[in-house]
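Below, each chain spelled out in residue letters.
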Amino acid sequence: MSDDRTLGLTLGGGGAFGAAHVGVLQVLAERGIRPGIVTGTSSGALVAAAYAAGFEAPAIERAALAFRWRAIARWSLTPRWGLLDTHAVTDTVRRALGADPLIEHLPRQFAAVSTDLRTRQAVTIDEGPLSVALRSTIAVPGLLPPVRRGGALLADGGIVDNVPVDATRALGASRVIVVRLHAKWENVRMMRTVTRTADLERDPSVVLIQPEMEGMAQWRMSDVPRLIAEGRRVATAALDAAALREQREAAAGRESIDERVPNPA
């Protein structure tokens, strides 16, 4: 089955909560839904990169269950910009893929979104070494060091765009499946997404999936199985609702046509 090059998948950030994305990928695979474009911020970008690299849902689940933070960060010997160093990301990418591939050579279109600390603007990274994009988007200020790329100093994309739908559309997606974490509660950094989420809920070209994280750990991996299950639950509900909406719209369209066609009698 081939990918749908007009269908995008946007995966939001949220630390260990990103494990919920794995459950979403499982449901998409079971239904034969194969987005050809995928973007992500922070932990969402890590899962998105695995999907873009061609890994199937079972392999991504195994990686999520085995994941430890040392796969992406180590204590820094020169902690000027952050307590930890993210060059471990490069080592992990090379172990998983045999190399540090260019993003433009991945099987699926991919982009990670970061924040330029100098301009406070979102930066979409859709070319160059995969590890650079991932190190940039996970760089939580004060904890993980920013990454220099061109003239920019890049850090955690969630500072300005934790749900990078615009990046997905810019890559060519006309329809987007959006997975937004932090559905019922928001911390201060994420409050700007509330209004935008309302817009996404009204957009007929968007299927919005919002896992609920209450009572689960954001920075420990102990709840990964529960997070995957929650991703499955909400993905199933959202996709079922979208399918029902499409059926109703199709039926309404047929009724409208019938009303306009004259009766031969």
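Residues numbered from 1 in each chain as written. Predicted model: local features only at pLDDT ≥ 70, side-chain atom pairs only at ≥ 80, totals over all residues. Heavy atoms only, no water.

## A closer look at a nonpolar patch on the surface
Point 1. On the surface, Trp75, Leu83 and Leu143 cluster together into a nonpolar patch covering about 360 Å² of accessible area.
Point 2. Residue position: tryptophan 75 is located in strand β3 (residues 74-75).
Point 3. Its relative accessible area of 69% is what places tryptophan 75 among the exposed residues. (Patch = residues over 30% accessible without salt bridge, like charges linked within 9 Å, V, L, I, M, F, W, Y side chains within 5 Å. Areas by Shrake-Rupley, 256 points an atom, 1.4 Å probe, with all protein chains shown as cover. Salt bridge = Lys/Arg side-chain N within 4 Å of Asp/Glu carboxyl O. Helix = DSSP H or I, 4+ residues; strand = E, 2+ residues; numbered from the N terminus. Buried < 20%, exposed > 50% of the residue type's maximum accessible area, 1.4 Å probe, protein only.)

## Description of helix α3 (residues 57-66)
Point 1. Within α3, burial applies to Ala57, Ile60 and Ala64. For α3, the angular spread of buried residues about the axis comes to 60 degrees, placing them on one side. Projecting away from the buried face of α3 at angles above 90 degrees are the exposed residues Arg62 and Ala66. (Arc of directions from axis to C-beta.)

## A word on the environment of leucine 153
Point 1. Of note, leucine 153 is situated in strand β8 (residues 152-156).
Point 2. Residues leucine 153 and aspartate 116, spaced 37 residues apart in sequence, show a C-alpha to C-alpha distance of 5.4 Å.

## Focus: the pattern of salt bridges
Point 1. Evaluated as defined, the whole model comprises 10 salt bridges.
Point 2. Its salt-bridge partner being arginine 232, residue glutamate 30 comes within 2.9 Å of it at the nearest N-O pair. Note that glutamate 30 is positioned in helix α1 (residues 20-30) and arginine 232 in helix α8 (residues 224-260), a separation of 202 residues in sequence.
Point 3. Residue glutamate 30 is classed as exposed on the basis of its relative accessible area, which comes to 55%.
Point 4. Each of Asp3, Arg34 and Arg108 takes part in a single network of salt bridges with overlapping partners.

## Topic: the pairing of strand β9 (residues 175-179)
Point 1. Buried residues dominate β9, accounting for four of its five residues.
Point 2. In the sheet, strand β1 (residues 4-11) pairs with β9 via five bridges, with the strands oriented parallel. Within β9, the residue paired with leucine 9 across the bridge is isoleucine 177.
Point 3. With four bridges connecting them, β9 and strand β10 (residues 206-209) associate as parallel partners. Along β10, the bridge assignment pairs valine 176 with valine 206. (Pairing = 2+ DSSP bridges.)

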